Structure formats: structure tokens, C-alpha cells
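Fold and geometry: a report
One letter stands for each residue in the lines below.
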Amino acid sequence: MAGMNAQQLLEVIQGRTSASLKQMEAPGPTPEELKLIVEAAAAAPDHGRLHPFRIMEIPTNMREALGLLFIKGVEQKQEEPSEEALNKAREKARRGPSLLVLIGCFHGTDETRIPEYEQMLCAGAALQNIVLVAHALGYSSRITSGETARSDIFHKGLGLAENEEFLCFISLGKVAVERPAKGRQEAEEILSVWKPE
């Protein structure tokens, strides 16, 4: 591969860690950089070319509307939520200079013989490509989800189709100091060799 050898690619992969949202600051990716990030997602392995995911950007001027969705989700779960709970819900929508939503667009067995778990793997590979290219461009990332974001209120509020589901939020921005990686396995802990019995 021109421009980067395997060792350099490994350094990019191993250098990516999850950033603290509290420490994440502007700027987020430019429109040109975001295009590169989305193109990386589109390069994920896709059995059957089903395109089982899409990406939605939540622009800055839509964060308050997103905050209202979080609040409605909390109100659906709790009869009388505290003001603190509502403020905390609203604050979730403000985190990260750039906010993306990864959406699964899964096809059932009546449409294809490709199982849903393979389609989920494709979406997962797309997510990995997104955060790796963002990291290579100098941005930190944080993946978040939660019960509220998986609710019917969010499904309707985000305008998702019947076969679509919220997978995660992807926050992108800058942090002064990257957090060190924790808990990663060594190669020998993961790799085994099959021996027929």
C-alpha cells in the first residue's frame, strides 16, 4: 500500500483510544475531512453488498432538538424525573464538537440469506474505520449509546425506517492529552491454532 507500511498502520490503530467527552473540544472535522471519514466507513467488508448501515450527522444547531429527545426518553421511563435527571439528559446532546449517529439498516431473512449478525459485523467494521481515519486526521473519538437512545421515541425522532435501528453515537473533536489504552489483550491471548481431536 502506497504511503503507509504495516507498522505505520499498526501504530495508527494502537494509538487510537476513547477520549473523555468532558475534555473534548472544538474543532471537529471539516466537511472535507468528514467526507473522508464516511468514505472509510463505506470501505467496510459488506457481504452481499447490502449496505447495512448509514451515518447521520447531528449539526450544532440541532443539538437542542436532540436534547429534547433525550428528555422525552427520560420522561417515558420515569413518572416524575428530577430536574437534575432532565438537565443531565439535555447535556448529553451537547457533548462533542462533531456528533454522528451510526444507524443499522438490516435486511431480514425474507430478503436475503445473509444473517443479521454478518450485517452487524459490517456496521462494526464501518465504525472502526470511522474512528481510525478520524484518529489519523488528528481527532479524538468517543462511542456512546444508552437505553434512551434505543427507545421508540428516539427511533421516531431520528426518522428511522422500520428496518433501521440506532447503533451508537460517535463524538469527534480534539483533546489536549490522549488517554492511555487500558485492558488490551496481547496477541498470544487471542490467537490459537486449531488442532482436530
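Residues numbered from 1 in each chain as written. Predicted model: local features only at pLDDT ≥ 70, side-chain atom pairs only at ≥ 80, totals over all residues. Heavy atoms only, no water.

Focus on the packing of helix α3 (residues 63-77) against helix α4 (residues 83-92)
- Two elements in contact, α3 and α4, have axes whose closest approach is 7 Å; the angle formed by their N-to-C orientations is 140°. By the angle between their axes, α3 is oblique relative to α4. When the axes of α3 and α4 are compared, the crossing they make is right-handed. From α3, E64, G67, F70, I71, V74 and E75 reach across to α4, where they touch L86, A89, R90 and K92.
- Tallied by class, the residues present in the contact of α3 with α4 amount to five nonpolar, one polar and four charged. (Axes fitted to C-alpha atoms, helices over the stretch in contact; angles between N-to-C directions. Helix = DSSP H or I, 4+ residues; strand = E, 2+ residues; numbered from the N terminus. Parallel < 35°, antiparallel > 145°, perpendicular 65-115°, else oblique. Left-handed = near helix turned anticlockwise from the far one by under 90°. Contact = heavy atoms within 4.5 Å. Nonpolar A, V, L, I, M, F, W, Y, C, P; charged D, E, K, R; others polar.)

Quick notes on the sheet that holds strand β4 (residues 164-173)
- Reading across the sheet, the four strands line up as β1-β2-β4-β3 and stay open at both edges, with antiparallel pairing between neighbours. The open sheet has two edge strands with one neighbour each: β1 (53-58) and β3 (140-144). Pairwise comparison of adjacent strand axes, ignoring direction, gives a mean angle of 25° for this sheet.
- As defined by bridge partners, β1 adjoins strand β2 (residues 98-105) across six bridges and the pair is classed as antiparallel. Within β2, the position partnered with R54 by the bridge is I103.
- Set on the sheet, α3 makes contact with β1, β2 and β4; between it and β2 the angle comes to about 55°. (Pairing = 2+ DSSP bridges.)

Concerning the packing of aromatic side chains
- Across all of its chains, the model carries four aromatic pairs by this definition.
- Seen in terms of ring centroids, F70 and F154 are 4.9 Å apart; in terms of plane orientation they differ by 65°. Their pairing is edge-to-face. Of this pair, F70 sits in helix α3 while F154 sits in helix α6 (residues 152-157), and the two are 84 residues apart along the sequence.
- Overall, the relative accessible area of 5% leaves F70 in the buried class.
- The class for F154 is buried, based on a relative accessible area of 0%.
- Among the aromatic side chains, those forming a connected cluster through ring pairs are F70, F154, F166 and F169. (Phe/Tyr/Trp six-rings, centres within 6.5 Å; stacked < 30°, edge-to-face > 60°. Buried < 20%, exposed > 50% of the residue type's maximum accessible area, 1.4 Å probe, protein only.)

Details of the packing of helix α1 (residues 6-15) against helix α5 (residues 116-136)
- Running from amino to carboxyl end, α1 crosses α5 at an angle of 105°, the nearest separation of the two axes being 9 Å. Overall, the two elements α1 and α5 adopt an arrangement that is roughly perpendicular. On α5, the residues that touch V12, I13 and G15 of α1 are L132, H135 and A136.
- Of the residues in the contact of α1 with α5, the class split is four nonpolar, two polar and no charged.

A look at the environment of T30
- Inspection of the secondary structure puts T30 in the loop between α1 and α2 (31-42).
- Using a relative accessible area of 34% as the deciding quantity, one classes T30 as partly exposed.
- In sequence terms T30 and V74 are 44 residues apart; their C-alpha atoms lie 33 Å from each other.

Remarks on the pattern of salt bridges
- For the coordinates displayed, the defined rule picks out five salt bridges.
- Salt-bridge contacts for E164 lead to R54; the nearest nitrogen and oxygen are separated by 2.7 Å. Here R54 lies in strand β1 and E164 lies in strand β4, a separation of 110 residues in the sequence.
- With a relative accessible area of 11%, E164 lands in the buried category.
- Linked by salt bridges that have partners in common, E64, E91 and R94 make up one network. (Salt bridge = Lys/Arg side-chain N within 4 Å of Asp/Glu carboxyl O.)

A closer look at a nonpolar patch on the surface
- Where nonpolar side chains cluster on the molecular surface, the patch consists of L9, L10 and I13 and spans about 210 Å² of accessible area.
- Tracing the backbone through its elements, the reader meets I13 in helix α1. (Patch = residues over 30% accessible without salt bridge, like charges linked within 9 Å, V, L, I, M, F, W, Y side chains within 5 Å. Areas by Shrake-Rupley, 256 points an atom, 1.4 Å probe, with all protein chains shown as cover.)

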